Amino acid sequence: MIVKDKNVLVFGSGISGEAACALLLKEEAKVVLYDGNDKLNPEEIRAKIEGGDSESLEIILGTLEGDRKGELLDKLSLVVMSPGVPTDLPIVNEMREKGLPIWGEIELAYVFGKGDVLAITGTNGKTTTTSLLGEIMKNYAQSSFVVGNIGNPYTSIALQTREDSVIVAEMSSFQLETIQTFRPRVSAILNITPDHLNRHHTMEAYIEAKENIAKNQTEKDTCVLNYEDDVTRVFGENVKSKVLYFSSQRILEEGIYLENGQIVLAMNGEKTPVCHVDELNILGTHNHENAMAATGMAAAYGVPVDVIRRTLKEFQGVEHRIEYVDTIDNVRFYNDSKATNTHAACAGLSAFEKNVILLCGGKDKHISFDDLKQYDAVVKKCISFGQTKDKFKDIFSNQVSVETMKDAFEKAVLFAKPGDIVLLCPACSSFDQFKNYEIRGEIFKEMVHDYASKRNEE
């Protein structure tokens, strides 16, 4: 699509919206950046956008009504949605009724970018798998990029890509709602469990958004799926692309599986040992599954096994995902702030056998915590905080509620004995008390380091 001299609305002023504006300005479009938050500072927004001082960028903040709204919608040729903006807002429905093309930031980047895309989605494990596959491709391809929900907008690098580029993309359900032609050479759905129902409203809509990742793939492409997930296993029977399953529970005739702790790749009639899980630096069965998914995607793209093997052994993991912080008085501290739902928290707790002092809680996303009950014997003490602080009383037999994460940490260090593990594993998003899970994790790590300093002074 040629956007030169056309009026394009970018809806949402976050990092994805800012990057989309910059791309469109480089393509000489007339850009209107709209955000419903009238408290934002337009000059600060301009300063963040490359080319933001251009007369071709107009910024509109606050509610759009009456003639102002009508005049804007009448002149538009395209709407680009930032992933954080719900697609069922009344004004978005009005845009659809007018027949305006509505793209996501990912679709915009894909249309103007070059090269092959390897795309990953799933409720949990996306960031670890994306980071690991990104490292594999860095060791294999001359030109590679890691983009998407991992924090680097696809639009920010799209115009830098070449025909031989490989783009490893972490895709959220929000981003996948608004794709049109986006077609990855290799896709993966790691797992699907309840999440973001406050945005998608139903589990069916959430699943449909995730499955969009493969909707434009053909028989020339590959979709990597988790055989042990009921939703993804059934989905594999209906996709147009080739399917490659991975499994942590059984041996597969074709796919990637664990056999006596060894990750094995079975493709094209050959079985190749990749590496033993003891050689990995990432803990837990869920991380072994992430490693298998990355292995399958890389192998499907044609990466030699020796490159995959070397990268798996070198990979150090992802910040805020069962991240070791320190050992103080023989008590180990781990930051798993990225565990923002029940399934992710189960994965975090499954990495430990006993003596966990669990710090959990946060914003209520209206999902059940019942699956955490299976770890009651692992959790020596549950200290819950935030908006959901009282929702863990029936989950763990030894539980106490406090207001803030700081309160929870102070109780944890008083309670901890040598051999214990203090684990921040919230099972909730951070937005009741923190801007995002990264800041929550950073603050937790600062608390650990401050505590270590105090103990050293005593």
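Preceding block: the structure.
Okay, so let's go over this structure. (Residues numbered from 1 in each chain as written. Predicted model: local features only at pLDDT ≥ 70, side-chain atom pairs only at ≥ 80, totals over all residues. Heavy atoms only, no water.)

1. Section: the overall build of the protein
As a reminder of what qualifies: Only runs of H or I of at least four residues qualify as helices and only runs of E of at least two qualify as strands under DSSP, and these elements are numbered from the N terminus. A 1.4 Å probe rolled over the protein chains alone gives each residue an accessible area, and that area as a share of the maximum for its type sets the label: buried under 20%, exposed over 50%, partly exposed in between. All tallies of charge rest on Lys and Arg as positive and Asp and Glu as negative; His and the ends of each chain are not included. Where a charge sits is defined by one atom per residue type, namely NZ (Lys), CZ (Arg), CG (Asp) or CD (Glu).
In terms of helices and strands, the protein carries 15 helices and 20 strands. Within the span of the protein, comprising 458 residues, buried residues form 57% of the whole. Put simply, the protein has 50 plus and 69 minus side-chain charges, and the middle of one group is 1 Å from the middle of the other.

2. Some words on the nonpolar core
Under the convention used in this document: Here, nonpolar core means buried Ala, Val, Leu, Ile, Met, Phe, Trp, Tyr and Cys residues that are tied together by side-chain atoms lying within 4.5 Å of each other. Any two residues whose heavy atoms approach within 4.5 Å are treated as being in contact.
Within the largest apolar cluster, 52 residues are counted, with the highest numbers of intra-cluster contacts made by Leu24 and Tyr154. It is helix H1 (residues 15-26) that contributes the most residues to this core, 6 residues altogether. If we skip the residues at most four places from it in the chain, Leu24 touches Val3, Val8, Val10, Ala29, Val31, Val80 and Leu108. Membership of the second largest hydrophobic core comes to 40 residues, among which are Val166, Cys275, Ile282 and Val305.

3. Regarding the sheet that holds strand E3 (residues 57-61)
Selection rule: Two strands qualify as a pair provided that DSSP identifies no fewer than 2 bridges between them. Every axis in this analysis is a line fitted to C-alpha atoms, fitted for helices over the stretch in contact. Angles between the N-to-C directions lie between 0 and 180 degrees.
Strand order in the open sheet made by the 5 strands is E3-E2-E1-E4-E5, with parallel pairing throughout. The sheet is open, and its two edges are formed by E3 and strand E5 (102-104), each paired on a single side. Strand-to-strand twist in this sheet, taken as the mean axis angle between neighbours without regard to direction, amounts to 25°. Packed onto the sheet, helix H3 (residues 66-75) meets strand E1 (7-11), strand E2 (30-35) and E3 and runs at close to 145° relative to E3. The strands touched by helix H5 (residues 105-112) within the sheet are strand E4 (78-81) and E5, with E5 carrying the most contacts at an inclination of about 85°.

4. Structural notes on the pattern of salt bridges
This is how the line gets drawn: Salt bridge, as used here, is a side-chain nitrogen of Lys or Arg placed within 4 Å of a carboxyl oxygen of Asp or Glu.
A full pass over the atoms with the stated rule returns 23 salt bridges. A salt bridge links Arg455 to Asp329; its shortest N-O distance comes to 2.7 Å. In this pair, Arg455 is assigned in helix H15 (residues 437-457) and Asp329 in the loop between strand E15 (323-328) and strand E16 (331-335), connecting sequence segments 126 residues apart. Owing to a relative accessible area of 42%, Asp329 belongs among the partly exposed residues under this scheme. Each of Glu319, Glu323, Glu442 and Lys445 takes part in salt bridges that share partners, so that together they form one network.

5. Regarding the environment of Val31
Mapped onto the elements, Val31 comes out in strand E2. Once the C-alpha coordinates of Val31 and Glu211 are considered, the two residues, 180 residues apart in sequence, prove to be 31 Å apart. If sequence neighbours within four positions are ignored, Val31 has contacts with Val8, Val10, Cys21, Leu24, Leu25, Ser56, Leu57 and Glu58.

6. Details of unusual backbone geometry
The phi angle of most residues is negative, glycine excepted, and most peptide bonds adopt the trans form. In this structure, Asn330 takes a positive phi of about 65° despite not being glycine. Tracing the backbone shows Asn330 in the loop between E15 and E16. Of the residues examined, Asn330 reaches a relative accessible area of 52% and is grouped as exposed. The residue Ala427 is not glycine, and still its phi comes out positive at about 65°. Among the secondary structure elements, Ala427 is positioned in the loop between strand E20 (421-424) and H15. Overall, Ala427 belongs to the buried group, its relative accessible area being 2%.

7. Description of the packing of aromatic side chains
By convention here, two paired aromatic rings are described through the distance between centres and the angle between planes. We apply this condition: When the centres of two rings from Phe, Tyr and Trp lie within 6.5 Å, Trp using its six-membered ring, the rings pair. Their planes under 30 degrees apart give stacked, over 60 give edge-to-face, and anything left gives tilted.
The final tally for this structure, using the stated rule, is 10 aromatic pairs. Residues Tyr227 and Tyr245 carry aromatic rings whose centres are separated by 5.1 Å and whose planes lie at 90° to one another, so their mutual orientation is edge-to-face. Of the two residues, Tyr227 is situated in the loop between strand E10 (222-226) and helix H10 (230-235) and Tyr245 in strand E11 (residues 242-247); the sequence distance between them amounts to 18 residues. Here Tyr245 falls in the buried class, since its relative accessible area comes to 15%. Among the aromatic residues, ring-to-ring pairing joins Phe333, Phe409, Phe444 and Tyr451 into one connected group.

8. Structural notes on helix H13 (residues 342-349)
Keep this limit in mind: Here a polar contact means two N or O atoms within 3.5 Å. Within protein one must be a hydrogen donor candidate and the other an acceptor candidate, and residues neighboring in sequence count only if both atoms are side-chain atoms.
Within H13, 7 of the 8 residues are buried, which leaves it mostly tucked inside the rest of the structure. Among the residues of H13, Thr342, Ala344, Ala345, Cys346, Ala347, Gly348 and Leu349 are the ones counted as buried. Looking at the buried residues of H13, the elements they touch are helix H11 (285-301), strand E17 (356-360), strand E18 (379-384) and E20. One side-chain oxygen of the residue at the start of H13 lies 3.2 Å from the amide nitrogen of His343, identifying that residue as Asn341.

9. Here's the deal with the sheet that holds E11
Pairing in this open sheet of 9 strands is mixed, and the strands run E7-E8-E6-E9-E10-E11-E12-E13-E14 from one edge to the other. The sheet terminates laterally at strand E7 (144-148) and strand E14 (270-276), the two strands that pair on one side only. Recorded for the sheet is a direction-independent mean angle of 20° between the axes of neighbouring strands. Both strand E13 (residues 262-267) and E14 contribute to a ladder of 6 bridges, which runs antiparallel. Bridge pairing in E14 links Met267 to Glu270. Lying on the sheet, helix H6 (residues 126-138) is in contact with strand E6 (116-121), E7 and strand E8 (166-170); it crosses E8 at an angle near 170°. The strands touched by helix H12 (residues 305-314) within the sheet are E13 and E14, with E14 carrying the most contacts at an inclination of about 20°.

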